[in-house]
Amino acid sequence: MIVVHHTVIPTLKRTIQLFKQDLLSKKRKHIGQFSKLNVGIHYVVDKDGAIYHLLADSIMARHIVGFNHVSIGIENVAKNSSELTEEQVMSNALLIDHLAKKHPSIQYLIGHHEYNQKALPHYELFLALDSNYLPYDKYDPGPGFMKKLRGKLKSDYGLAFEK
């Protein structure tokens, strides 16, 4: 599974600073009660479309409750969905095409806002070792960005993934 996010952080510099930390910010009280380990991500896409590879695809990153064990995460630098750029759409599509070729078992592509939708097929992969650590609704990167991304993947690369 590939999961697309946006950072809620306005700059690449601040995004990288966040992911460099070993421990979770004290502001992250909900997930901090389960582990002090910082969140992580495999890829970051800056507003200009530049792609940064932070973690090997084979390393489990803490970026999505219940799906970390089967997912590769992509963060897009943006404070909110209105700051996401066309360059990011193009770079995400290019990166996802690369990942699909490298990992042909990838079946699902979801936006973070779709992860807790139990009726979608990807939810069969949900795994919770701690029943108290439950998913909660997220809004990133939003339906508009995912619609553009899925359209680009289909038109330019002939790719269509399940949700």
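Residues numbered from 1 in each chain as written. Predicted model: local features only at pLDDT ≥ 70, side-chain atom pairs only at ≥ 80, totals over all residues. Heavy atoms only, no water.

Let's shift gears to the packing of aromatic side chains. The final tally for this structure, using the stated rule, is three aromatic pairs. Measuring from centroid to centroid gives 5.7 Å for Phe-67 and Tyr-123, while their planes differ by 70°, and the two rings are edge-to-face. On the criterion of sequence distance, the pair formed by Phe-67 in the loop between β3 (51-53) and β4 (72-76) and Tyr-123 in the loop between β5 (109-111) and α4 (143-157) is long-range, its members being 56 residues apart. Take Phe-67 and Tyr-123: they sit in the same class, and that class is buried. Their ring planes at 70° and their centres at 5.5 Å tell us that Phe-67 and Phe-126 sit as a pair that is edge-to-face. Pair noted here: Phe-67 is in the loop between β3 and β4 and Phe-126 is in the loop between β5 and α4, with a separation of 59 residues, a long-range link. (Phe/Tyr/Trp six-rings, centres within 6.5 Å; stacked < 30°, edge-to-face > 60°. Helix = DSSP H or I, 4+ residues; strand = E, 2+ residues; numbered from the N terminus. Buried < 20%, exposed > 50% of the residue type's maximum accessible area, 1.4 Å probe, protein only.)

Contact geometry of helix α3 (residues 86-102) with α4 gives a least axis separation of 9 Å together with a crossing angle of 55°. Looking at the two axes, α3 sits oblique to α4. In the crossing of α3 with α4, the sense of the turn from one axis to the other is right-handed. In this structure, α3 uses Glu-86, Gln-88, Val-89, Met-90, Asn-92, Ala-93, Leu-94, Ile-96 and Asp-97 to contact α4, whose residues at the interface are Phe-145, Lys-148, Leu-149, Lys-152, Leu-153 and Tyr-157. Here the contact of α3 with α4 is built from residues that sort into nine nonpolar, two polar and four charged. (Axes fitted to C-alpha atoms, helices over the stretch in contact; angles between N-to-C directions. Parallel < 35°, antiparallel > 145°, perpendicular 65-115°, else oblique. Left-handed = near helix turned anticlockwise from the far one by under 90°. Contact = heavy atoms within 4.5 Å. Nonpolar A, V, L, I, M, F, W, Y, C, P; charged D, E, K, R; others polar.)

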